[in-house]
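What follows is each chain in one-letter form.
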Amino acid sequence: MIARVQPLTTTRAVRGPFDYRIAAGQAVEVGTLLRVPFGPRTTLGVVVGLAETSELAPERLAEPEAVVGAGVGADLVELADWMAREYCSTPARALQLMLAPGAAAGTGAKLALVAELTDAGRTALADGDRLTDRLTDRLTDRQRDLLAALADRGPTVAADLDTPGLRRLEGRGLVRIDKRPRPRRPVLHAVGAATASPPPLTGEQAAALGEIEAALATGEGGRAGFLLQGVTGSGKTEVYLGAVQAALQAGRTAIVLVPEIALTPQVLWRFQARFGDVVAVLHSALSAGQRHDEWMRLRTGEARVCVGPRSAVFAPLDDIGLIVVDEEHESSYKHEGDPRYDARTVARRRALRHGAVLVVGSATPRPESVLVLPRLRLTQRVDHRPLPPVEVLDMRGSHQPLHPETRMALADLRHAGGKAILLLNRRGWSNFLSCRACGRVWLCPNCEVALVLHRHASLVACHHCGHRERVPNRCPACASVSVARHGAGTERIEHELREALGSDPAHPFPIFRLDADSSSLPDRARTLQQFETAPAGVLVGTQMVAKGHDFPDVSLGVVLDADQTLRFPDFRAEERTFALITQLAGRTGRGALGSRVLVQTLAPDARPIAFAVHHDSDGFIADELERRAALRYPPYASLIRIVCSAEEEPLARETATAIHAELVSLDAAVLGPAPLFRLRGRARSQLVIKATERRPAIDAVGGAVDRIAPGAARRGASVSVDVDPQ
Ligand code: ADP
Ligand code: ZN
Ligand code: ZN
């Protein structure tokens, strides 16, 4: 038998598959991961096809050296092929996203020395020293502690306690130590209330779930997708839970995609509380070992529900009956590496292949989804509380980051002992520094953007490449010592709130900050937990604070500089602004206290802000679809973005021009080359293709890039293709 093997290299130049001879009786199938001889070296590769014969003479065919790890299912091999084409990438790169975590690097399940009590050990611990009066047999306090720890924890990695100490106890027969896979199930942080049994559904929830169940029952999933459009607090998660239950009852499996688990652990918690061990999680805050183990539980069928961020769309499950995409408007579903896949699009493709029902949900769905998916509506909050009133505060002419009305509302809240969330989509202290004497602006040496002041860390940093410098105290151009700080970021707002709201030890009013600077992912989860359990206080942060948290007692929401997202030169700017305000409003007013939302803006009349004030998602989407149709933007056309970069600007531009020339016969608008600001030391030039016919455009772009990119004349230039850029 012949196996067609796709080597897992990252170079685009190596395009498999290559043929290998498989000895009779060897267990090799499509999706098997193999170590194969490859030129002078060996490499890992995935079997992408089987055949009886090869075009190569038998003596020229090598045999694989070994089967490695668990491989993937045939459906994922097919998906990788599709992704390579859909995103102008390679099957090898797509496959690398799908293999067991660590498999591509050759790491398998980690074995560790695991210690466990023996019966003798249990007896010794229970009976104390009564059994013996020989002094040498007595347990020391330390040994007693070790035995007690094992009794408490069950099998434990020896090194986590005290390996030499345990070895001595092993010598006395009180402990058994052997090498086995480390027990390393992920630790859950309980946030929010989880009920193991479902609450009685509201009429709207039941109706929505009924439609999903019906689609599951016809076995015609695949073609059946739904958009679950429910206002914030309408109980969408409960519908997902019911749908997963139905899929499991039908003997099938389910994938639930969430934007970022570390920030919204409540969702995961609710799934685990409802379904227990049948749920596996895959996310970035897990250790590599934990991720691998969870992946294996899915692959072996021990776990049948996978909850995770975008990469969970590749969960190694068979017979998927349901794929849920929660908060489908979140841009984190788009992967920024190669292939630049969109998990929402991949989910649809995978659902089709498995005959699974796709359910995407949001309070602020994308126009793309509204156009193509039948809608299930949840129009009421579960508790029938109204959505909070949204007030616009005009900031034109103001020199303070906080409007007087905002200050007053916060002071009232402090007095009454309530909670507020304050959103400013900009981290750091101030957005840029300039010299008062000569006007020089501090820019990143690698990128054409201003450096942001981070006062606590005493540095200025580039938010694009990570470049950092000491805070300047004099201008290198004119030696003036007068440096002006412009604008306000989350760090400064946090500081101002502390100053303004004071700290009266009798009435603590803590200020929490949540942004990419404030902490690591697990720390952020902890911050959220602290805010949740605090009786009063303010949570200030970037868009992270507007994610799907379900805090029952937030009565004030504030958006600062709401039009900031509008100033991005991007056709999704309005959609983002609308979603941000609506989602923040959605975090407030979920409890008994009355509530309000304040929106500070320089553009009080901007369309998305006006719609958000009225909680008018339908109005906004209708209007937005009209605008997109007129301008031929998605969903009425597909966009493909090509960015050419090089150290020198002419090479970047020339590469873009050459690709442009390759696309002349394509029936689509090709815009550019347009210069982009320098990033990480590289000049960039961009082309944007607006195509009505998606497939031919993607193929043409893939072909053009392949012909142009590797040319010797353009050594040093690199090209990246982004289909459906965010
Ligand atoms: P959404 O995701 O739509 O914003 P959630 O799913 O977070 O809303 O639900 C909001 C709150 O309502 C949660 O605390 C949830 O436990 C609760 N909830 C959902 N459905 C019901 C129900 N049928 N009865 C009572 N409480 C519910
Ligand atoms: Zn100066
Ligand atoms: Zn930079």
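What counts, and at which threshold
Residues numbered from 1 in each chain as written. Chains lettered and ligands numbered in written order. Predicted model: local features only at pLDDT ≥ 70, side-chain atom pairs only at ≥ 80, totals over all residues. Heavy atoms only, no water. 1 Å grid on protein atoms, 1.4 Å probe; cavity = no way out; pocket = protein on both sides within 12 Å on 5 of 7 lines; lining within 4 Å. Points joined across faces, edges and corners; volume = space filled by probe spheres on them. Helix = DSSP H or I, 4+ residues; strand = E, 2+ residues; numbered from the N terminus. Nonpolar A, V, L, I, M, F, W, Y, C, P; charged D, E, K, R; others polar. Near = heavy atom within 4 Å. Polar contact = N/O pair within 3.5 Å; in protein donor to acceptor, adjacent residues only side chain to side chain. Areas by Shrake-Rupley, 256 points an atom, 1.4 Å probe, with all protein chains shown as cover. Pairing = 2+ DSSP bridges. Axes fitted to C-alpha atoms, helices over the stretch in contact; angles between N-to-C directions. Contact = heavy atoms within 4.5 Å. Donors = N, O, S within 2.8 Å, 3.2 Å for Na, K, Ca; no water. Buried < 20%, exposed > 50% of the residue type's maximum accessible area, 1.4 Å probe, protein only. Patch = residues over 30% accessible without salt bridge, like charges linked within 9 Å, V, L, I, M, F, W, Y side chains within 5 Å. Salt bridge = Lys/Arg side-chain N within 4 Å of Asp/Glu carboxyl O. Phe/Tyr/Trp six-rings, centres within 6.5 Å; stacked < 30°, edge-to-face > 60°. Lys NZ or Arg CZ within 6 Å of the ring centre and 35° of its normal. Arc of directions from axis to C-beta. Parallel < 35°, antiparallel > 145°, perpendicular 65-115°, else oblique. Left-handed = near helix turned anticlockwise from the far one by under 90°. Tetrahedral: all angles 85-135°; square planar, octahedral: opposite > 155°, others 65-115°.

Colleague: Lay out empty space enclosed by the protein with the relevant residues and their values.
Modeller: The probe, sized like a water molecule, is rolled over the atoms to show the empty space still left. Applying the stated rule across the entire model yields three cavities of 30 Å³ or more. Counted as a void, the largest cavity has a volume near 60 Å³. What lines the largest cavity is Asp75, Glu78, Leu79, Arg349, Arg350, Arg353 and His354. For the lining of the largest cavity, the secondary-structure elements that each account for two or more residues are α1 (74-86) and α11 (343-354). Broken down by element, the residue count for the lining of the largest cavity peaks at four residues, all from α11. Its residues assigned to classes, the lining of the largest cavity comprises one nonpolar, one polar and five charged. Taken as a whole, the second largest cavity holds about 40 Å³ of empty space. If you go around the second largest cavity, the residues you meet are Glu328, Arg344, Arg348, Leu358, Val360, Arg366, Ser369 and Leu373. Elements with a minimum of two residues in the lining of the second largest cavity: α11 and β14 (357-362). The residue makeup of the lining of the second largest cavity, split by class, is three nonpolar, one polar and four charged.

Colleague: How would you explain the site of ligand 1 if you had to name every residue and give the values?
Modeller: Neighbouring ligand 1 are 17 residues, the closest being Pro200, Gln205, Gly233, Lys236 and Asp550. Take Pro200: an N or O atom from its main chain is 2.9 Å from a nitrogen atom of ligand 1. Taking Thr237, its side chain carries an N or O atom lying 3.0 Å from an oxygen atom of ligand 1. Bound to the protein, ligand 1 loses 76% of the 560 Å² it would expose on its own. Considering every element that reaches the shell around ligand 1, the biggest residue donor is helix α8 (residues 236-249), with three residues. Residues that form the shell around ligand 1 fall into these classes: five nonpolar, seven polar and five charged.

Colleague: Which residues make up the sheet that holds strand β25 (residues 554-559), and what are the values?
Modeller: The strand order β16-β26-β25-β17-β24-β23 describes an open sheet built from six strands, whose pairing is parallel. Each of the sheet's edge strands pairs with one partner strand only, and the pair in question is β16 (390-394) and β23 (511-514). Shown here is a sheet whose adjacent strand axes are inclined to one another by a mean of 20 degrees, direction ignored. Pairing of strand β17 (residues 419-423) with β25, which is carried by five bridges, proceeds in the parallel orientation. Residue pairing across strands places Ile421 opposite Gly557, the latter belonging to β25. Against the sheet, helix α13 (residues 404-416) engages β16, β17, β24 (537-541), β25 and β26 (596-601), with an angle of about 150 degrees to β26.

Colleague: Would you mind going over the coordination of the zinc ion (ligand 3) in detail, with residue names and values included?
Modeller: Within the protein, Cys444 (SG), Cys447 (SG), Cys462 (SG) and Cys465 (SG) serve as the donor atoms for the zinc ion (ligand 3), at 2.2 to 2.4 Å. For the zinc ion (ligand 3), the single-chain donor residues occur in sequence as C-x2-C-x14-C-x2-C. Taken together, the residues Cys447 in the loop between β18 (432-435) and β19 (452-454) and Cys462 in the loop between β20 (459-461) and β21 (468-470) connect sequence positions 15 residues apart. Residue Cys447 shares its accessibility class with Cys462, and that shared class is buried.

Colleague: Tell me what's going on with a nonpolar patch on the surface, and back it up with residues and numbers.
Modeller: Together, Leu371, Val372 and Tyr636 make up a nonpolar patch on the protein surface, roughly 250 Å² of accessible area in all. In this fold, Val372 is placed in helix α12 (residues 367-372).

Colleague: Any chance you could break down the packing of aromatic side chains for me, citing the residues and the numbers?
Modeller: Counted according to the given criterion, the structure contains nine aromatic pairs. Measuring from centroid to centroid gives 4.6 Å for Phe571 and Tyr633, while their planes differ by 5 degrees, and the two rings are stacked. Of this pair, Phe571 sits in the loop between β25 and α16 (573-587) while Tyr633 is found in the loop between α18 (617-631) and β27 (638-646), placing the two residues 62 residues apart along the sequence. Among the residues examined, Phe571 registers a relative accessible area of 10% and is labelled buried. Their ring planes at 5 degrees and their centres at 4.4 Å tell us that Phe578 and Phe620 sit as a pair that is stacked. Here Phe578, found in helix α16, pairs with Phe620, found in helix α18; they are 42 residues apart in sequence, far enough to count as distant. By relative accessible area, which is 2% here, Phe620 ends up buried. In this structure, Arg440 is placed above the aromatic ring of Trp442, and the distance from its NZ or CZ to the ring centre is 4.9 Å. Across from the ring centre of Tyr633, 4.3 Å away, lies the NZ or CZ of Lys690, which sits over that ring.

Colleague: Quick rundown of helix α6 (residues 163-171)? Include the residues and the values.
Modeller: Those residues of α6 that fall on the buried side of the exposure criterion are Gly165, Leu166 and Leu169. One side of α6 holds all its buried residues, which, seen down the axis, span an arc of 95 degrees. Those residues of α6 that are exposed and angled more than 90 degrees off the buried face are Arg168 and Gly171. The N-capping residue of α6, defined by a side-chain oxygen 3.1 Å from the backbone nitrogen of Gly165, is Asp162. Gly173, located one to two residues past α6, shows a positive phi value of around 80 degrees.

Colleague: How would you sum up the packing of helix α7 (residues 203-218) against α8? Please name residues and give values.
Modeller: Contact pair α7 / α8: the axes reach a minimum separation of 9 Å and the direction vectors enclose 30 degrees. Here α7 is positioned roughly parallel relative to α8, judged by the angle of their axes. Our pair here, α7 against α8, has a crossing hand that is right-handed. Two secondary-structure elements touch here, α7 through Gln205, Ala208, Leu209, Ile212, Glu213 and Leu216 and α8 through Glu238, Val239, Gly242, Ala243, Ala246 and Ala247. Residues belonging to the contact of α7 with α8 are distributed by class as follows: eight nonpolar, two polar and two charged.

Colleague: Describe the sheet that holds strand β13 (residues 320-325), and please don't skip the residues or the numbers.
Modeller: Strand order in the open sheet formed by seven strands is β11-β12-β10-β13-β14-β9-β15, and the pairing between neighbours is parallel. Among the strands making up the open sheet, the edge pair consists of β11 (279-281) and β15 (375-378). On average, each strand axis in the sheet is inclined to that of its neighbour by 20 degrees, with strand direction left out of account. By the bridge criterion, four bridges tie β13 to β14 in an arrangement that is parallel. Note on β14: the bridge partner recorded for Val324 is Val359. Each of β10 (253-257), β11 and β12 (305-308) touches helix α9 (residues 265-275); the most contacted strand, β11, lies at about 150 degrees to it.

Colleague: Explain the coordination of the zinc ion (ligand 2) to me, using residue names and the numbers behind them.
Modeller: Taken together, the protein donors to the zinc ion (ligand 2) comprise Cys435 (SG), Cys438 (SG), Cys475 (SG) and Cys478 (SG), at separations of 2.2 to 2.4 Å. Bound by four donor atoms, the zinc ion (ligand 2) shows angles of 101 to 114 degrees at the metal and therefore tetrahedral coordination geometry. Here the donor residues of the zinc ion (ligand 2) share one chain and are spaced in sequence as C-x2-C-x36-C-x2-C. The class for Cys475 is buried, based on a relative accessible area of 2%.

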